[in-house]
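Take a look at the letters that make up each chain.
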Amino acid sequence: MLDAQKNGYAVGAFNVENMEMGQAIVAAAEELHAPVILQTTPSTVRYASLDMYRAIVATLAAKAAVPVVIHLDHGDSYDLAVGALEAGYTSVMIDGSHEGFEENIALTKSVVEQAKLKNIPVEAELGKVGGKEDDLDGGSGGYTDPMEAKEFAERTGIASLAVAIGTAHGIYSGTPVLDVDRLKAIEKVVDIPLVLHGASGLLDKDIIECVKAGICKVNFATELRIAYSNGVKQVIRDTPDVFDPKKYGKVGREYVVEAVKARILVCGCDGKA
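These numbers were taken from a predicted model, which means no experiment stands behind them.

Parameters and conventions
- Residues numbered from 1 in each chain as written.
- Predicted model: local features only at pLDDT ≥ 70, side-chain atom pairs only at ≥ 80, totals over all residues.
- Heavy atoms only, no water.
- Helix = DSSP H or I, 4+ residues; strand = E, 2+ residues; numbered from the N terminus.
- Rg over C-alpha atoms; globule rule 2.2 N^0.38 Å.
- Buried < 20%, exposed > 50% of the residue type's maximum accessible area, 1.4 Å probe, protein only.
- UniProt positions renumbered as here; feature names shortened; annotations may be inferred.
- Pairing = 2+ DSSP bridges.
- Right-handed = clockwise from strand over helix to strand, strands pointing away.
- Core = buried A, V, L, I, M, F, W, Y, C linked by side-chain atoms within 4.5 Å.
- Contact = heavy atoms within 4.5 Å.
- Axes fitted to C-alpha atoms, helices over the stretch in contact; angles between N-to-C directions.
- Parallel < 35°, antiparallel > 145°, perpendicular 65-115°, else oblique.
- Left-handed = near helix turned anticlockwise from the far one by under 90°.
- 1 Å grid on protein atoms, 1.4 Å probe; cavity = no way out; pocket = protein on both sides within 12 Å on 5 of 7 lines; lining within 4 Å.
- Points joined across faces, edges and corners; volume = space filled by probe spheres on them.
- Nonpolar A, V, L, I, M, F, W, Y, C, P; charged D, E, K, R; others polar.

Description of the overall build of the protein chain
And step 1. Helix and strand content of the protein chain: 11 helices and 11 strands.
And step 2. Relative to the 2.2 N^0.38 estimate, which gives 19 Å for 273 residues, the radius of gyration of the protein chain is 18 Å and therefore close to what a compact globule would have.
And step 3. Based on the C-alpha atoms only, the size of the protein chain along its principal axes is roughly 60 × 40 × 35 Å.
And step 4. The buried share among the 273 residues of the protein chain stands at 53%.

Structural data, given as C-alpha cells:
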C-alpha cells in the first residue's frame, strides 16, 4: 500500500467466503500480475474460524506467483482483532467508527499496541461508511472530517485509514454521490494510505477518480458474492439434477475470476506485483 501511495494506484482487497472464491481471487491476481489482499469479515469468521480462513489463504499464498496476504475486515472488537493477530493474519482492521471520537481512538490504540508486538499493520475507520452487509449496519453513514482524520491517525499510530466519503456497504439502491473534494482534503493532511470501503457497485470512473485523489486500497465484497452465486445458479438452472458441489463450485469460481480481474484493472494494480 505504501508503494501504491507513492505510485498512484490502489491494491484490490477482496472478501473471501470459501475456498473457491480464494482460488479465484488469486488466479485473477496471477493472470494480471497484481498484488492482492484477501479479507474476511466477522460474520465470515463465525461461519468457520480465523484459523480455517488463514489456512486457506496461506496455502494459496505459498504457491502464488504474486504477493497474497490475509486481512481482517471490519474487526468489531478488540478480542477478534487480537485473535486474528494470534491466528497469523498479516493485517487487521479495528472498526470503532460506531463509537465516539475519543472512544474510537482508545479502542484503536489498544489494538495497535498489540499489533506492534508482531509488526502487523492496523487499519481503522473514521466517519461511518453507510449501508448494510452481513452483521455490519452503517445506517445512513457519516462523513470523515479531514482535521479529525489527521488527529486520529497521529494519535493512534495506525498504518491505514478507511474514510467515509459517500460510499455504502452492500447493494446501492440509487446512484451514490461521492465527495471527492473531501477525500482530497483528507489526503493533504493525512500521511498514511487511505482506504475506500463499499466499492461494490461503484462505476469504474468513480473508483478511478478516488484512486487519483489518494485511495490506496479498495474493498470489494458484495459483487464477488453475487458473481459466485450467479455461477452456481446458472449450473443449477442448466442441470437441475446436479448434486456434485464441484460442478457448480467450479463455475462460481470462474465468475469470480472475471469479476476480480475487472476490478484489478480499475484499481490500476495490474503489473504491480
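A few points about the UniProt feature "binding site: Zn(2+) 2" (unreviewed entry) in the protein chain
And step 1. Mapped onto this numbering, the UniProt entry annotates "binding site: Zn(2+) 2" (unreviewed entry) at Asp 95 and Glu 125. Taking the farthest pair of C-alpha atoms as the criterion, the annotated set spanning 31 residues converges on one region, since that pair is 5.6 Å apart.
And step 2. Locating Asp 95 in the fold gives a position in the loop between strand 4 (91–94) and helix 6 (101–116).
And step 3. A relative accessible area of 11% means that Asp 95 is categorised as buried.
And step 4. Its place among the elements puts Glu 125 in strand 5 (residues 122–126).

Brief notes about the pairing of strand 11 (residues 215–220)
Side-chain direction in a regular strand flips from residue to residue, so the side chains alternate between the two faces of the sheet.
And step 1. Burial runs high along strand 11: 6 of the 6 residues are buried.
And step 2. Where strand 1 (residues 11–15) lies against strand 11, 4 bridges are found, and the strand directions are parallel. Pairing of Gly 12 across the sheet is with Val 218, part of strand 11.
And step 3. As paired strands, strand 10 (residues 194–196) and strand 11 are joined by 3 bridges and run parallel to one another. The residue bridging Val 195 from the neighbouring strand is Lys 217, located in strand 11.
And step 4. The parallel pair strand 10 and strand 11 is bridged by helix 9 (residues 204–212), and the resulting crossover is right-handed.

Here we look at the nonpolar core
And step 1. Judged by nonpolar contacts, the single largest core of 81 residues is most densely connected at Ile 25, Tyr 89, Leu 161, Val 218, Val 256 and Ile 264.
And step 2. When near neighbours in sequence (up to four residues on either side) are disregarded, Val 256 contacts Met 21, Ala 24, Ile 25, Leu 224, Ala 227 and Tyr 228.

Focus: the sheet that holds strand 5
And step 1. Around the barrel, which closes on itself, the 8 strands sit in the order 1-2-3-4-5-8-10-11 with parallel pairing between neighbours. Put simply, the sheet's adjacent strands are angled 30° from each other on average, direction ignored.
And step 2. In this sheet, strand 10 lies alongside strand 8 (residues 160–163) in parallel orientation, the contact comprising 3 bridges. Bridged to Leu 161 within strand 10 is Leu 194.
And step 3. Packed on one face of the sheet, helix 2 (residues 19–31) meets strand 1, strand 2 (36–40) and strand 3 (68–75) and runs near 165° to strand 2.
And step 4. Of the strands in this sheet, strand 8, strand 10 and strand 11 touch helix 8 (residues 180–189), which is tilted by about 155° from strand 10.

Thoughts on the packing of helix 2 against helix 11 (residues 245–267)
And step 1. The geometry of helix 2 relative to helix 11 is characterised by a closest axis approach of 8 Å and an angle of 40° between their N-to-C directions. Taken together, the axes of helix 2 and helix 11 are oblique relative to one another. Like other packed secondary-structure pairs, helix 2 and helix 11 cross with a definite hand, here right-handed. Across the interface between the two elements, Glu 20, Met 21, Gln 23, Ala 24, Ile 25, Ala 27, Ala 28, Ala 29 and Glu 31 of helix 2 pack against Gly 249, Arg 253, Val 256, Val 257, Val 260, Lys 261 and Ile 264 of helix 11.

Some points on the layout of surface pockets
And step 1. Space inside the largest pocket adds up to approximately 480 Å³.
And step 2. Surrounding the largest pocket, 23 residues form its lining, Met 1, Leu 2, Ile 37, Val 69 and Pro 121 being those nearest its centre.
And step 3. Mapped onto the lining of the largest pocket, the elements with two or more residues apiece are helix 1 (2–7), strand 2, strand 3, strand 4 and strand 5.
And step 4. The greatest single-element share of the lining of the largest pocket, amounting to 3 residues, is contributed by helix 1.
And step 5. Along the lines of polarity and charge, the residues of the lining of the largest pocket split into 16 nonpolar, 4 polar and 3 charged.

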